[in-house]
Amino acid sequence: MTDKPFYQTEKGLWKAKGYYSPKTGELVNMTNSDKIVYMYMLDRVVFFVENMKTLHFESQETISESLNLERKVVGKALRGFLEN
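Residues numbered from 1 in each chain as written. Predicted model: local features only at pLDDT ≥ 70, side-chain atom pairs only at ≥ 80, totals over all residues. Heavy atoms only, no water.

A. Geometry of helix 3 (residues 60–67). Turning to helix 3, its buried residues number three or more, namely Ile63, Ser64 and Leu67. Projected onto a plane normal to the axis of helix 3, the buried residues spread over an arc of 95° and lie on a single side. In this structure, the buried side of helix 3 is in contact with helix 2 (32–51) and helix 4 (71–83). Phi for Asn68, located one or two positions after helix 3, is positive at around 55°. (Buried < 20%, exposed > 50% of the residue type's maximum accessible area, 1.4 Å probe, protein only. Helix = DSSP H or I, 4+ residues; strand = E, 2+ residues; numbered from the N terminus. Arc of directions from axis to C-beta. Contact = heavy atoms within 4.5 Å.)

B. Molecular detail of the nonpolar core. With eight residues, the main nonpolar core is built from Val37, Tyr40, Ile63, Leu67, Leu69, Val74, Ala77 and Leu78. Looking at this core, the elements with two or more residues in it are helix 2, helix 3 and helix 4. No other element matches the three residues that helix 4 contributes to this core. Once you skip the residues sitting within four places of it in the chain, Ile63 turns out to touch Tyr40, Met41, Glu58, Val74 and Leu78. (Core = buried A, V, L, I, M, F, W, Y, C linked by side-chain atoms within 4.5 Å.)

Listed below in structure tokens is the structure:
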């Protein structure tokens, strides 16, 4: 066992091709980068909002540094989530 933190996610997320937009009902394709950003943001929301009972604001730059992704990749993923 390791004492280092890690992310856990359901296998279904990695098998999924995308999700259906609540606005349009159309399938929105997800890249692996989108899935990584989603998993990261879900982890942060659970920690800050649900556990710490506080608001959570994080810059695209911070997310991109944490995930070792380009800022524009993170921005595109976040915009896609917000639009759908």
